[in-house]
Amino acid sequence: MTELIPKVQVPMNFGVQYLGSPSHSNLKFLLESGEELLANSMIISYNSPVIENLTTNLFQSTIEVQDFSKDAVQCFLEASYSGDVKKISRSNFREVNKMGHVFDVAWIVDRCYKYFKSLTETVKVNNYTEQLFVFEEAMFMFITLKKRNFVELVITKFTCLTTCTEHFVTKYLSDISSCPSTTLDVIIEMTGKEEYILIQVLVNHLENNNCVIDPKTRYILERLTFKSRQAAHKPLYLELMKKLENINNPSKEDFKLIVGLLTRCYGASEGQEVAKKAGYVPLNLFHNFQQLQDINDLDTLATFLEKSPLVTNSYIFYDAVMCWLYDKSDAHTDSPFVTITNKFVTKFSDIMKSRGWDPLPREYIEVKINPIFGGLTAMIFKNVHMVTENKSNYNRIVSISDYTPDELFSRDHDIKFKFKQDRLGRFDCQRKKYRLRLCVDTTA
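All residue numbers here refer to positions counted from 1 along the written sequence of the relevant chain. Restriction of local features to residues with pLDDT of at least 70 applies here, the model being predicted, together with a cutoff of 80 or more for giving and counting side-chain atom pairs; totals for whole chains, interfaces and linings are based on all residues. No hydrogens and no water enter the side-chain calculation; it runs on all heavy atoms of the structure.

**Quick word on the overall build of the protein chain**
Formally: Working definition: helices are DSSP H or I runs of at least four residues, strands are E runs of at least two. Numbering for both runs from the N terminus. For every residue, the accessible area (1.4 Å probe, protein chains only) is compared with the maximum for its type, and the residue is labelled buried under 20%, exposed over 50%, or partly exposed between those bounds. Contact definition: two residues touch when any of their heavy atoms are within 4.5 Å. Note on areas: Shrake-Rupley with a 1.4 Å probe; residue coverage comes only from the protein chains shown.
When helices and strands are counted, the protein chain shows 22 helices and seven strands. Counting only residues that meet the buried cut, the protein chain has 49% of its 444 residues in that class. Considering only residue pairs separated by 6 or more positions, the protein chain has 71% of its internal contacts joining residues 24 or more positions apart. Carbon together with sulfur atoms contributes 50% to the accessible area of the protein chain, which is approximately 22,000 Å² in total.

This is how it looks when you write it as structure tokens:
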């Protein structure tokens, strides 16, 4: 007998006029206010397998819907009865859509998606209100229900409209600090190759917040790739560096972040040129290095540096010797701890040859003349194999190529960091305060 009864296919028009009828309704939907909306359990069960299970298997006669407004529940019930979501609107869309997912009404979920798609397709480039609505609804779906299809619709629409992404992101991120990380991830994805939009947002935010790197600013800075830099936006990138220069009392993490930014910003398209201009940046990896402190003669020093896995080129070897001489010297008299011998420099030269290391550019070492260095630079100048006039060798400078930010900051140092932009790679280390000033030219 049951085989003769046709299977009900939803959506179907069961007659919305029967909704709420006491004689047809055996299922109550309990609202937060305590009000009850009546419906027929069979009609609702045809639409929702979740409610079918609650009523048929668990014998429930009341469905609690306190998380939804009366308008949304009424729309959901009328849709279940009529087979059409006629009363969906911007004001109840989020809740109706959520009810469709919660109660697993596939056709209502599909209709809500189509409704949202129609709203997205009509978004105008200069209408921030429309843009904001579809973006926030998409993010609600993504964060709450883990559904990305709405986000993908919005990203596709915004990116196909000229200047729409820039218009929206610039306004939406007027206060970065209040934006969740998940939302920032979507915005970063949305900007894509138009990364200059994020740069503009950061410049504005830093200017309005006294150049303080708050957690969300750091979050964006850490994710900048600089892969699509264009000449037209170069002033904007330089402006970002200026803002970072004005950071008050930068922490070690701030300084590490800035070094990483410079490496990414100039590492691909302008790596060699910037490396040349950053030539005067000995990064002081071996300053107060305990194993060096225990060494008291040049032979032991040469052997140690030759075997050290940290020493991978002539620059690092040279900087390590300079740090050792500086730390060992007499702070009051500027007297060197030792005088550099020809034997030591020859050993240095032999290591360079055996390892295939590049010679040191003259401009890199000629500024390192100070009594406390025991004549190291002068002795190196006498060895023609150790010095070059070729400035192109600056692309081996440690600040860009050989010392990564992680290597540089892997050990704790009792120093204060100061980022400066106005001078080429200058290094000052006051013996008592251990104050480090790293200056990198970003005008290239």
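**Remarks on the packing of helix α5 (residues 106-121) against helix α7 (residues 149-160)**
Going by this rule: Geometry is summarised by axes, namely lines fitted to C-alpha atoms with helices restricted to the contacting stretch, and by angles between N-to-C directions that run from 0 to 180 degrees. Small angles under 35 degrees read as roughly parallel and large ones over 145 as roughly antiparallel, with 65 to 115 read as roughly perpendicular and the rest as oblique. Helix crossings are classified by the rotation of the near helix relative to the far one: an anticlockwise turn of less than a right angle makes the crossing left-handed, while a clockwise turn makes it right-handed. When residue character is reported, Ala, Val, Leu, Ile, Met, Phe, Trp, Tyr, Cys and Pro are called nonpolar, Asp, Glu, Lys and Arg charged, and the others, Gly included, polar.
Packing of α5 against α7 brings their axes to within 10 Å, and their N-to-C directions diverge by 15°. For the element pair α5 / α7, the angle class is roughly parallel. Where α5 crosses over α7, the two elements pack in a sense that is right-handed. In contact with Y113, F116, K117, T120 and E121 of α5, α7 contributes N149, F150, L153, V154 and K157. The residue makeup of the contact of α5 with α7, split by class, is five nonpolar, two polar and three charged.

**Description of the sheet that holds strand β3 (residues 62-64)**
Formally: Note on pairing: two strands pair once DSSP finds at least 2 bridges between them.
As summarised here, the arrangement of the three strands in space is β2-β1-β3, forming an open sheet in which the pairing is mixed. The sheet is open, and its two edges are formed by β2 (36-39) and β3, each paired on a single side. Averaged over all pairs of adjacent strands, the angle between strand axes in this sheet comes to 25°, irrespective of strand direction. Strand direction decides the pairing type here: strand β1 (residues 27-30) and β2, joined by four bridges, are antiparallel. Counterpart to F29 in the pairing with β2 is L37.

**Quick word on the confidence of the model for the protein chain**
Stated precisely, the cut-off is as follows: Values of pLDDT, which run from 0 to 100, indicate the predictor's confidence residue by residue.
With 80% of its residues at a pLDDT of 70 or more, the protein chain has an overall mean of 82. This model gives residues 268-283 a pLDDT under 50, and the stretch forms 46 contacts once residues within four places in sequence are excluded. Low pLDDT, under 50, characterises residues 411-444; the predicted model gives this stretch 102 contacts beyond four residues in sequence or across chains.

**Digging into the side chain of N47**
Note the cut-off: As used in this structure description, the phrase polar contact means that two N or O atoms lie within 3.5 Å; if the pair is within protein, one of them must be able to donate a hydrogen and the other to accept it, and residues adjacent in sequence are counted only when both atoms belong to side chains.
Relative to the elements of secondary structure, N47 occurs in helix α1 (residues 41-47). A distance of 2.8 Å separates polar atoms of two side chains, one belonging to N47 and the other to W107.

**Section: the pattern of salt bridges**
Condition: Salt bridge, as applied in this entry: a Lys or Arg side-chain nitrogen positioned within 4 Å of an Asp or Glu carboxyl oxygen.
Evaluation of the coordinates by the stated rule reveals 15 salt bridges. The salt bridge partner of R218 is D254, with a shortest N-O separation of 2.3 Å. Here the residue R218 occupies a position in helix α11 (residues 215-221), and D254 occupies one in helix α13 (residues 252-267), the gap between them amounting to 36 residues. Of the two residues examined, R218 and D254, each falls in the buried class. One continuous salt-bridge network, built from bridges that share partners, spans R148, E152 and E189.

**Quick look at the environment of P22**
Examined against the element boundaries, P22 turns out to sit in the segment before β1. Judged by its relative accessible area of 69%, P22 falls in the exposed class. Distance in space between the C-alpha atoms of P22 and L38 is 7.5 Å, their sequence separation being 16 residues.

**Notes on the nonpolar core**
Applicable threshold: By convention a nonpolar core is built from buried Ala, Val, Leu, Ile, Met, Phe, Trp, Tyr and Cys residues, the set being connected through side-chain atoms within 4.5 Å.
F29, L173, L224 and L244 are the most contacted members of the largest nonpolar core, which has 86 residues in total. If near-sequence neighbours (up to four positions away) are discounted, L224 is found in contact with E195, L198, I199, L202, L240, L261 and R264. V338, F344, M352 and F373 belong to the second-largest nonpolar core, a separate cluster that totals 39 residues.

**Here we look at helix α6 (residues 128-145)**
In an α-helix there are 3.6 residues to a turn, and that puts residues three or four apart on one side. Selection criterion: For a helix, the expected span equals 1.5 Å multiplied by the residue count minus one.
Here α6 is 18 residues long and its end C-alpha atoms lie 25 Å apart, about the 26 Å a rise of 1.5 Å per residue gives. Among the residues of α6, those classed as buried are Y128, E130, Q131, F133, V134, F135, E137, A138, M139, F140, M141 and L145. Against the buried residues of α6 lie α4 (93-102), α5, α7, α8 (164-172) and α9 (181-191).

**Here's the deal with the pairing of β2**
Only one face of β2 is buried: it carries L37 and A39, and the other face, with E36 and L38, is open. Between β1 and β2, which pair antiparallel and follow one another directly, the connecting turn spans five residues, one of which, G34, has a positive phi of 100°.

**Some points on the packing of α5 against α6**
Their axes nearest at 9 Å, the elements α5 and α6 cross at an angle of 145°. For the element pair α5 and α6, the recorded crossing hand is left-handed. On α6, the residues touching F116, L119 and T120 of α5 are F133, V134, E137 and A138.

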